[in-house]
Amino acid sequence: MNALHSTIRHSTVFDHPEMDNHENVVFVRDRDTGLSAIIAVHDTTLGPALGGCRVWPYGNPYDALTDALRLSRGMTYKNALAGLDLGGGKAVIIADPRKDKTAGMMEAFGRHVDRLSGTYITAEDVGVSPQDMEAVARQTNHVRGTSATGLGDPSPYTALGVFEGIRAAVRHVFGSDSLEGRTASVQGLGHVGFDVARMLHEAGARLIVSDIHAPAVLRTVEAFGAATADPAQAHMVEADLFVPCALGAGLNAGTVPQIRARIVAGAANNQLQTPGDGVALKQRGILYAPDYAINAGGVISIALATPGSNDALVREKTVAIGDTLAAIFERAAQQETTPESIADAMAEERLAQSGKD
Ligand code: NAD
């Protein structure tokens, strides 16, 4: 028996290392469609647990459970800090989104979401398209981000929140939130990164941009007159701001010592490879905007949009990300700790306060 199988045999869900008093963990199988899924509801103190559904070809069910437990807890913190009256949950479907996923499978998933009677609300995540969510929505009302429920693509709101967060960081470090003449290295020019680059450009910043996809770079250079960098070196260019909008774990033992910017603030999820990398940033005098605080605009748009509503409330809450980050930076400076530990504490305070109401 290999080490993995012995780990599974000798541990239960309750003593899984990522188990954190999750309220409900549901293991789902549907024989007819081949659906194999885990739905994790971490905390419903603030309201129903909202979090996306990820379709991923996990190597084994243990890894899928790890992801569901970790991501659902993350959603509790993200939703709490964003001021949403929503708890945290997440679903994972064990399947290759390109080969295995079918409308029938997504409908079966929808039936299982429905069985949870609204304690879990699902939405899109990695490997899930708007069409997949339409299939889910044929079976349950507990779904967001469909044409009937939402404002469409959440990326513009994520970008708006990131831009407001950048302004808060610039104000904290330089005493004024003006971006005129500041230089920003934007890594990743996809749905969010391109829009962040646009707002930085419009605010007078000088752009150095990078992406592994050459057409994305070309488009940004043509639109904003940006300079370019090698994507692998985006963190080490001479700039005021490093704005990671590509993939996670970009802040690690290799990159942190090489960063020349005073601020790291971008949309990418899970930017810090380990908590120690956040401490290392602080020790180097680099201000880091915690990822789940600055990139919450997308979940705000998914959570608050109603059919036929305009986006005024969503924009208001998204712009408020700047105020939340300003408070985080202030407290972190006073307590001589990292911004991410303050973000966690603020989310926990909101949960504790709500529990007393
Ligand atoms: P996207 O797929 O549209 O864009 C990502 C871009 O990064 C692509 O152009 C890709 O070519 C580029 N890229 C990938 N690896 C790279 C590398 N090593 N170096 C440079 N560029 C690289 O994704 P997106 O929706 O713009 O999301 C960007 C990040 O923000 C992701 O980490 C995502 O999880 C996070 N995020 C997005 C949203 C949202 O609303 N879209 C919300 C919260 C967080």
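Details of the structure are given in the entry above.
Undergrad: Just give me the short version of the overall build of the protein chain, but keep the residues and values in it.
TA: The helix and strand tally for the protein chain stands at 13 helices and twelve strands. What you see for the protein chain is a C-alpha radius of gyration of 20 Å, in line with the 21 Å of a compact globule of 357 residues. Oriented by its inertia axes, the alpha-carbon framework of the protein chain measures out at about 60 × 50 × 40 Å. Counting every position in the protein chain, which comprises 357 residues, the buried fraction comes to 50%. Considering only contacts in the protein chain between residues 6 or more positions apart, those separated by 24 or more positions represent 65%. Carbon and sulfur atoms make up 50% of the accessible area of the protein chain, which amounts to about 16000 Å² in all. Taking the average location of the 30 positive side-chain charges in the protein chain and that of its 41 negative ones, the two points are 2 Å from each other.

Undergrad: Run through the pairing of strand S10 (residues 241–244), naming residues and quoting values.
TA: Burial along S10 is two-sided: the face carrying Leu241 and Val243 and the face carrying Phe242 and Pro244 are both buried. For strand S7 (residues 183–187) and S10, the ladder comprises four bridges, and the chain directions are parallel. Considered in S10, the bridge of Val186 is made with Val243.

Undergrad: Can you tell me about the site of the ligand, naming the residues and giving the values?
TA: Close contacts around the ligand come from 20 residues, with Thr158, His191, Val192, Asp211 and Ala246 the closest. Backbone polar atom of Ala267 to an oxygen atom of the ligand: 3.3 Å apart, as the coordinates give it. For the ligand, an oxygen atom lies 3.0 Å from a polar atom in the side chain of Asn269. Of all the elements in the fold, those that place two or more residues in the shell around the ligand are helix H5 (155–174) and helix H6 (191–202). Grouping the constituent residues of the shell around the ligand by class yields ten nonpolar, nine polar and one charged.

Undergrad: Explain the pairing of S7 residue by residue, including any values.
TA: Buried residues dominate S7, accounting for five of its five residues. What you see with S7 is no split at all: Thr183, Ser185 and Gln187 on one side and Ala184 and Val186 on the other are buried throughout. In this structure, S7 lies alongside strand S8 (residues 206–210), joined through five bridges in parallel fashion. In the sheet register, Ser185 faces S8, and the bridge partner there is Ile208. Since S7 and S8 lie parallel, the crossover through H6 that links them has a hand, and here it is right-handed.

Undergrad: Quick rundown of the sheet that holds S8? Include the residues and the values.
TA: Read from one edge to the other, the open sheet built from six strands follows the order S9-S8-S7-S10-S11-S12, with strand pairing classed as parallel. Both edges of this open sheet fall to strand S9 (227–228) and strand S12 (287–288), since each of them pairs with a single strand only. Inspection of the sheet shows S10 paired to strand S11 (residues 263–264) by two bridges, in the parallel sense. Residue pairing across strands places Leu241 opposite Ile263, the latter belonging to S11.

Undergrad: Outline the environment of Ala332, listing residues and values.
TA: Mapped onto the secondary structure, Ala332 falls in helix H12 (residues 321–335). When the C-alpha positions of Ala332 and Met133 are compared, they lie 39 Å apart, and in sequence the two are 199 residues distant. With near-sequence residues (within four places) excluded, Ala332 lies in contact with Thr337, Thr338, Pro339 and Ile342.

Undergrad: Could you give me a rundown of the nonpolar core, with the residues and numbers involved?
TA: In this structure, Ile166, Leu200, Leu207, Val243, Leu325 and Ile328 are the most contacted members of the largest nonpolar core, which totals 64 residues. Counting residues per element, this core draws most heavily on H5, which supplies nine residues. Structurally, this core is a two-domain feature, drawing no fewer than three residues from each of domain 1 (7–73 + 86–149) and domain 2 (155–352). Excluding residues that lie within four positions of it along the chain, Leu207 makes contacts with Ala184, Val186, Ala197, Leu200, His201, Phe224, Ala226 and Ala227. Core analysis: the second largest hydrophobic core is formed by 23 residues, Val28, Cys53, Ala95 and Phe109 among them.

Conventions we followed
Every chain begins its residue count from 1, and numbering advances along the sequence as written. Given that the model is predicted, a residue must reach a pLDDT of at least 70 before its local features are reported, and side-chain atom pairs must reach 80 or more before they are shown or counted; all residues, however, enter totals for whole chains, interfaces and linings. Derived side-chain values reflect all non-hydrogen atoms in the structure, with water molecules and hydrogen atoms excluded from consideration. Each helix is a run of DSSP H or I of at least 4 residues and each strand a run of E of at least 2, with the numbering of both proceeding from the N terminus. With C-alpha atoms as the basis for the radius of gyration, the globule rule is written as 2.2 Å multiplied by the number of residues raised to the power 0.38. Exposed residues in this analysis have more than 50% of their type's maximum accessible area, buried residues have under 20%, and partly exposed residues fall in between, with area computed by a 1.4 Å probe over protein chains only. Note on contacts: a residue pair is in contact if any heavy atoms of the two residues lie within 4.5 Å. Accessibility throughout is a Shrake-Rupley quantity obtained with a 1.4 Å probe, and a residue counts as covered only by protein chains that appear here. We treat Lys and Arg as the positive residues and Asp and Glu as the negative residues; His and chain ends play no part in the count. Here the site of a charge means atom NZ of a Lys, CZ of an Arg, CG of an Asp or CD of a Glu. Here a strand pair is declared whenever DSSP counts at least two bridges between the two strands. We call a residue near a molecule or strand whenever a single non-hydrogen atom of that residue lies within 4 Å of it. Residues adjacent in sequence count toward polar contacts only when both atoms are side-chain atoms; beyond that, a polar contact is any pair of N or O atoms within 3.5 Å, and within protein one must be able to donate a hydrogen and the other to accept it. Classes in brief: Ala, Val, Leu, Ile, Met, Phe, Trp, Tyr, Cys and Pro nonpolar; Asp, Glu, Lys and Arg charged; the others, Gly included, polar. Seen with the strands pointing away from the viewer, any crossover whose path from the first strand over the helix to the second strand runs clockwise is right-handed. Working definition of a nonpolar core: buried Ala, Val, Leu, Ile, Met, Phe, Trp, Tyr and Cys residues. They are joined through side-chain atoms within 4.5 Å. Note: domain ranges come from an automatic or database domain assignment.

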